[in-house]
Amino acid sequence: MHCRNFILNSILGIFFFFSINSYTQSSASKFSTQELLGKKTPTLEGNGYKLRKEASRAFLKMKKHAAKDGINIKVVSSYRSNSHQNRIWTRKYKRFRKQGFAPMKTIEKIIQYSTIPGTSRHHWGTDLDIIDGNQKRPRNVLLQRNFNPKGAYRKLKIWMDKHAHTYGFYLVYTNKKNRRGFKYEPWHYTYAPLSVPMLKAYNKLNISEELKNDIILGSDYFSEEFIKKYIFENILDINPKLLL
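Given the structure is predicted, the values throughout are model-derived calculations rather than measurements.

### Re the overall build of the protein chain
Alright, step 1. Scanning the protein chain from terminus to terminus reveals nine helices and six strands.
Alright, step 2. The contacts in the protein chain between residues at least 6 apart in sequence include a share of 73% that link residues at least 24 apart.
Alright, step 3. As displayed, the protein chain offers around 13200 Å² of accessible surface, 53% of which is attributable to carbon and sulfur atoms.

### Digging into the layout of surface pockets
Alright, step 1. Considering only enclosed or pocket space, the largest pocket measures out at about 540 Å³ in volume.
Alright, step 2. For the largest pocket, the lining is made up of 23 residues, of which Arg80, Lys92, Ser114, Asp129 and Leu142 are closest to its centre.
Alright, step 3. Within the residue set of the lining of the largest pocket, elements represented by two or more residues are β3 (73-77) and α4 (82-98).
Alright, step 4. Element by element, the count of residues in the lining of the largest pocket is highest for α4, at four residues.
Alright, step 5. Its residues assigned to classes, the lining of the largest pocket comprises nine nonpolar, eight polar and six charged.

### Points about the nonpolar core
Alright, step 1. Counting 32 residues, the largest nonpolar core has Leu36, Trp89, Ile116, Tyr202 and Phe222 as its most contacted members.
Alright, step 2. Broken down by secondary-structure element, the contributors of at least two residues to this core are α4, α5 (103-110), α7 (192-202), α8 (207-212) and α9 (224-235).
Alright, step 3. A per-element tally of this core places α7 first, with six residues.
Alright, step 4. If sequence neighbours within four positions are ignored, phenylalanine 222 has contacts with Trp89, Ile107, Ile116, Leu211, Ile216 and Ile227.
Alright, step 5. With 27 residues, the next largest nonpolar core counts Leu51, Ala66, Val75 and Tyr191 among its residues.

### Remarks on the pattern of salt bridges
Where charged atoms from two side chains of opposite charge come close, those side chains can pair.
Alright, step 1. Within the structure shown, the criterion is met by nine salt bridges.
Alright, step 2. Note that arginine 180 is salt-bridged to aspartate 237, the shortest N-O span being 3.2 Å. Taken together, the residues span a long stretch of sequence, with arginine 180 in the loop between β5 (169-171) and β6 (188-191) and aspartate 237 in the segment after α9 at a distance of 57 residues.
Alright, step 3. For lysine 212, the salt bridge is made with glutamate 224, and the minimal N-O distance between the two is 3.7 Å. Taken together, the residues lysine 212 in helix α8 and glutamate 224 in helix α9 connect sequence positions twelve residues apart.
Alright, step 4. Among the residues examined, glutamate 224 registers a relative accessible area of 48% and is labelled partly exposed.
Alright, step 5. Through salt bridges that share partners, Glu209, Lys212 and Glu224 make up one connected network.

### Description of α9
Alright, step 1. Compared with the 16 Å implied by 1.5 Å per residue over twelve residues, the 15 Å span of α9 between its first and last C-alpha is a close match.
Alright, step 2. Residues Phe226, Ile227, Tyr230, Glu233, Asn234 and Ile235 constitute the buried set of α9. Here the buried residues of α9 occupy an arc of 155° about the axis, which is enough to place them on one side. Structural note: α9 exposes Glu225 and Lys228 on the side pointing more than 90 degrees away from its buried face.

### Digging into the side chain of aspartate 237
Alright, step 1. Exposure remark for aspartate 237: the relative accessible area of 16% places this residue in the buried category.
Alright, step 2. Only 2.8 Å separates the side chain of aspartate 237 from the backbone nitrogen of arginine 180, close enough to count as a polar contact.
Alright, step 3. Aside from chain neighbours lying at most four places away, what touches aspartate 237 is Asn178, Arg179, Arg180 and Phe232.

### Describing the sheet that holds β6
Alright, step 1. Strand order across the open sheet formed by four strands is β3-β4-β6-β5, with antiparallel pairing between neighbours. Of all strands in the sheet, those bounded by a partner on one side alone are β3 and β5. If you compare each strand with its neighbour and ignore which way they point, the axes differ by 45° on average.
Alright, step 2. Across three bridges, the pairing between strand β4 (residues 127-132) and β6 is antiparallel.

### Topic: the confidence of the model for the protein chain
A low pLDDT score tells you not to read the predicted coordinates there in detail.
Alright, step 1. The predicted model of the protein chain has a mean per-residue pLDDT of 91, with 88% of residues at 70 or higher.
Alright, step 2. Ignoring residues within four places in sequence, the model shows residues 4-8, a span with pLDDT below 50, making zero contacts including any to other chains.
Alright, step 3. Here residues 10-18 scores under 50 on pLDDT; set against residues more than four positions off or in separate chains, the count is six contacts.

Cut-offs applied
Residues numbered from 1 in each chain as written. Predicted model: local features only at pLDDT ≥ 70, side-chain atom pairs only at ≥ 80, totals over all residues. Heavy atoms only, no water. Helix = DSSP H or I, 4+ residues; strand = E, 2+ residues; numbered from the N terminus. Contact = heavy atoms within 4.5 Å. Areas by Shrake-Rupley, 256 points an atom, 1.4 Å probe, with all protein chains shown as cover. 1 Å grid on protein atoms, 1.4 Å probe; cavity = no way out; pocket = protein on both sides within 12 Å on 5 of 7 lines; lining within 4 Å. Points joined across faces, edges and corners; volume = space filled by probe spheres on them. Nonpolar A, V, L, I, M, F, W, Y, C, P; charged D, E, K, R; others polar. Core = buried A, V, L, I, M, F, W, Y, C linked by side-chain atoms within 4.5 Å. Buried < 20%, exposed > 50% of the residue type's maximum accessible area, 1.4 Å probe, protein only. Salt bridge = Lys/Arg side-chain N within 4 Å of Asp/Glu carboxyl O. Expected span 1.5 Å × (residues − 1). Arc of directions from axis to C-beta. Polar contact = N/O pair within 3.5 Å; in protein donor to acceptor, adjacent residues only side chain to side chain. Pairing = 2+ DSSP bridges. Axes fitted to C-alpha atoms, helices over the stretch in contact; angles between N-to-C directions. pLDDT = per-residue confidence, 0-100.

In structure tokens:
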């Protein structure tokens, strides 16, 4: 039985690899700049979450499978618009500045976990943050310790490690040693058949110029050097399987 499951997962993995490469070649140019920056809302669907149709359908299949194994995959965050991300950024920026941090130090603290508006993967309708709704909810759900061996969501983490890729979902910010940028987020998954070509299209944008058109607290400190480093570390230093 284990051998048969291994062979099946291997076949699915190979099929997914060739499918995603084909999708990347044909779809990278179909996403508008406004969509990629979160300024134009794509067609979304979902009950309690918002994802693009293809991602949503895959998510529901994965959720159904998980339910059979006693896990209730619950989404706590999915699509976020540019303005929504800007509100998150503004709230954190004001809080850290009030605590006495200098502007650049404030920005550095924010980008440990939160993106600059216009650079979030959550703008794409492909990414989601998840927990196990069958477990007693900790006071703060999106913390690394909740997914550790003694954490409330450890069972979810083990299940996702084993099955998520068969539905096209991959962890974005891994705990790989020496990975830079955003901290490890064991709750953040992306639907790769869509997000891989979207990242390819996003990389063709002049992000520094795009950010100059927006009102973002602290943006006066977004030097060309800072943005270049931010893109290299925070946007591109992710799960290698998402960089096909």
